[in-house]
Amino acid sequence: MAVTPKIAPSMLSSDFANLASEAHRMINYGADWLHMDIMDGHFVPNLTMGAPIIESLRKHTKAYLDCHLMVTNPLDYVEPLGKAGASGFTFHIETSKDNWKELIQSIKSQRMKPGVAIKPGTSVEEVYPLVESENPVEMVLVMTVEPGFGGQKFMPEMMEKVRILRKKYPSLDIEVDGGLGPSTIDAAASAGANCIVAGSSVFGAPEPAHVISLLRNSVEKAQ
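Reading the values: rules and limits
- Residues numbered from 1 in each chain as written.
- Predicted model: local features only at pLDDT ≥ 70, side-chain atom pairs only at ≥ 80, totals over all residues.
- Heavy atoms only, no water.
- Buried < 20%, exposed > 50% of the residue type's maximum accessible area, 1.4 Å probe, protein only.
- Helix = DSSP H or I, 4+ residues; strand = E, 2+ residues; numbered from the N terminus.
- Pairing = 2+ DSSP bridges.
- Right-handed = clockwise from strand over helix to strand, strands pointing away.
- Axes fitted to C-alpha atoms, helices over the stretch in contact; angles between N-to-C directions.
- Contact = heavy atoms within 4.5 Å.
- Phe/Tyr/Trp six-rings, centres within 6.5 Å; stacked < 30°, edge-to-face > 60°.
- Salt bridge = Lys/Arg side-chain N within 4 Å of Asp/Glu carboxyl O.

### Notes on the pairing of strand 2 (residues 33-39)
Argument step 1. In terms of burial, strand 2 is a largely internal element, seven of the seven residues being buried.
Argument step 2. Going residue by residue along strand 2, you find Trp33, His35, Asp37 and Met39 tucked away on one face and Leu34, Met36 and Ile38 tucked away on the opposite face as well.
Argument step 3. For strand 2 and strand 3 (residues 64-70), the ladder comprises seven bridges, and the chain directions are parallel. In the strand pairing of strand 3, methionine 39 is matched with methionine 70.
Argument step 4. The handedness of the strand 2 to strand 3 crossover, carried by helix 2 (residues 51-58), is right-handed.

What follows is the structure, encoded as structure tokens:
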């Protein structure tokens, strides 16, 4: 089964005062998903958004809300985000080594798609059990910057993790997040990433639709 390109503008780079119109704008420009960075100020130093913002945004869009939980206790967020209307729930393996089975079960019971993320310093082998489990995650997110802040520089050495995952799991959704844009997309796409999170490169572009289309074409070409 071939994986499909999914371009997910990171709403962390949007104008928070106009979140609904920014969401509409991105979907109209051709985005597949909207990437929502949920940070708790503990696991990462920054504090961003939580279930109330997801719930507010859900009233204005039917789009897939791809939630990335950079939090110390992801289990605490499952029910609130499920009720708020989140579509995907990606947690960090670094905080969930002891309870990931319960976490995946809980995410699926709230009708969300479970994903697992790894920080740059975490080895790719850590996620194998979660992908190969009887009740598996459906996406792996390879962080291509240290999580916690937008606008960081892409780490090309993380592409080896993507290559390994793609070779091992041909039909897995593999997401990359951090520093993705026109100058780095080919490296990510050729390594095998198909879900592309892009923040400042999309929101800061004179023509965001052109950037979204360029990202998609690169993934399609690589496949």
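### Quick look at the sheet that holds strand 4 (residues 88-92)
Argument step 1. Pairing is parallel across the open sheet formed by eight strands, whose spatial order is 1-8-7-6-5-4-3-2. In the strand order of this sheet, the two ends are held by strand 1 (6-9) and strand 2, each with one partner. Direction aside, the axes of adjacent strands within the sheet are offset by 20° on average.
Argument step 2. Each of strand 2, strand 3 and strand 4 touches helix 3 (residues 75-84); the most contacted strand, strand 4, lies at about 165° to it.

### Description of the packing of aromatic side chains
What describes a pair of aromatic rings is the distance from one ring centre to the other and the angle between the planes of the rings.
Argument step 1. A full pass over the atoms with the stated rule returns two aromatic pairs.
Argument step 2. Consider the rings of tryptophan 33 and tyrosine 64, whose centres lie 4.3 Å apart with planes at 20°: the pair is stacked. Taken together, the residues tryptophan 33 in strand 2 and tyrosine 64 in strand 3 connect sequence positions 31 residues apart.
Argument step 3. For tryptophan 33, a relative accessible area of 6% corresponds to the buried category.
Argument step 4. Judged by centre distance (6.1 Å) and plane angle (70°), the ring pair of tyrosine 128 and tyrosine 169 falls under edge-to-face. Within this pair, whereas tyrosine 128 is found in helix 5 (residues 128-132), its partner tyrosine 169 is found in the loop between helix 6 (159-168) and strand 7 (173-177), the two being separated by 41 residues in sequence.
Argument step 5. In this structure tyrosine 128 comes out as buried when scored by relative accessible area, which is 16%.
Argument step 6. On the accessibility criterion, tyrosine 169 (11% relative accessible area) is buried.

### Looking at the pattern of salt bridges
Argument step 1. Under the counting rule described, the total for this entry stands at eight salt bridges.
Argument step 2. In this structure, aspartate 173 and lysine 113 form a salt bridge, with 2.7 Å as the shortest nitrogen-oxygen distance. Remark: lysine 113 occurs in strand 5 (residues 113-118) and aspartate 173 occurs in strand 7; sequence separation between them is 60 residues.
Argument step 3. Given the relative accessible area of 9%, aspartate 173 is considered buried.
Argument step 4. Here arginine 163 ties to glutamate 160 by a salt bridge, and the two come within 3.2 Å at their closest N and O atoms. Of this pair, arginine 163 and glutamate 160 both sit in helix 6, three residues apart, roughly one helical turn.
Argument step 5. Among the residues examined, arginine 163 registers a relative accessible area of 40% and is labelled partly exposed.
Argument step 6. With relative accessibility at 40%, the residue glutamate 160 sits in the partly exposed group.

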